Amino acid sequence: MENCLFCKIIKGEIPTTKMYEDDNMIIIKDIDPKAKNHFLCIPKCHFKLLAEMTEEDANAVKACLKKIPTLEKELGLKNGYRLVINQGEDAGQTVFHLHIHILSGQKMGWTPA
Ligand code: 5GP
Ligand code: ZN
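Since the model is a prediction, treat every value here as computed from it, not as a measurement. (Residues numbered from 1 in each chain as written. Chains lettered and ligands numbered in written order. Predicted model: local features only at pLDDT ≥ 70, side-chain atom pairs only at ≥ 80, totals over all residues. Heavy atoms only, no water.)

A. Representation of the overall build of the chain in the model. Tallying secondary structure elements over the chain gives three helices and five strands in all. Order of helices (α) and strands (β) in the chain, N terminus to C terminus: α-β-β-β-α-α-β-β. Compactness check: the chain gives a C-alpha radius of gyration of 14 Å against a globular reference of 13 Å for 113 residues, within 12% of the reference. Considered along the principal axes of its C-alpha atoms, the chain spans approximately 35 × 30 × 30 Å. Across the 113 residues in the chain, those meeting the buried criterion constitute 35%. Contacts in the chain between residues far apart in sequence, at least 24 positions, make up 53% of those at least 6 positions apart. Within the structure as shown, the chain displays about 7,300 Å² of accessible surface, and the carbon and sulfur contribution to it stands at 51%. With 15 positive and 15 negative side-chain charges, the chain shows a separation of 9 Å between the mean positions of the two kinds. (Helix = DSSP H or I, 4+ residues; strand = E, 2+ residues; numbered from the N terminus. Rg over C-alpha atoms; globule rule 2.2 N^0.38 Å. Buried < 20%, exposed > 50% of the residue type's maximum accessible area, 1.4 Å probe, protein only. Contact = heavy atoms within 4.5 Å. Areas by Shrake-Rupley, 256 points an atom, 1.4 Å probe, with all protein chains shown as cover. Lys, Arg positive; Asp, Glu negative; His and termini not counted. Charge placed at Lys NZ, Arg CZ, Asp CG, Glu CD.)

Structure follows, in structure tokens:
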């Protein structure tokens, strides 16, 4: 998808700190961390919202959800972690290529800001 920031990162056109990559996904460090550890798990298929997800997209998301817990050491997940998928304006989604935020490394509150 042209002009999609995350598609460009996946293609290697924009530099990033890569934590993991396979055929389904890339996991990178968030450029503006909102927790001590903040990573983004980005399925390689471009789609914007869960509501628009195809079966193929859903398989990539499933692969992401199965992979993340296996990267306990690399992502600092030992004491717990939080996954977030922002959807649309009220949630503050800014990049319209579905991605899973992985937050870890500290105790977290529960306040929509
Ligand atoms: P959203 O707000 O769409 O849920 O999440 C987008 C995330 O992408 C934000 O947390 C933001 O900090 C991150 N981000 C934006 N631009 C870049 C970039 O160029 N590189 C990386 N690694 N993360 C980015
Ligand atoms: Zn994209």
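B. Here's a closer look at the pattern of salt bridges. Tallying each qualifying case throughout the model produces five salt bridges. Between Lys-34 and Asp-30 there is a salt bridge, with its nearest N and O atoms 3.8 Å apart. According to the relative accessible area criterion, Lys-34 is exposed, its value standing at 56%. Salt bridges here are not isolated pairs; linked through shared partners, they connect Lys-18, Glu-21 and Lys-44. (Salt bridge = Lys/Arg side-chain N within 4 Å of Asp/Glu carboxyl O.)

C. Main features of the side chain of His-38. Its location among the elements puts His-38 in strand S3 (residues 37-43). Here His-101 takes part through its side chain, which lies 2.8 Å from a polar atom of the side chain of His-38. Residues in contact with His-38, not counting those within four places in the same chain, are Ile-28, Lys-29, Asp-30, Asp-32, Pro-33, His-101, Ile-102 and Leu-103. (Polar contact = N/O pair within 3.5 Å; in protein donor to acceptor, adjacent residues only side chain to side chain.)

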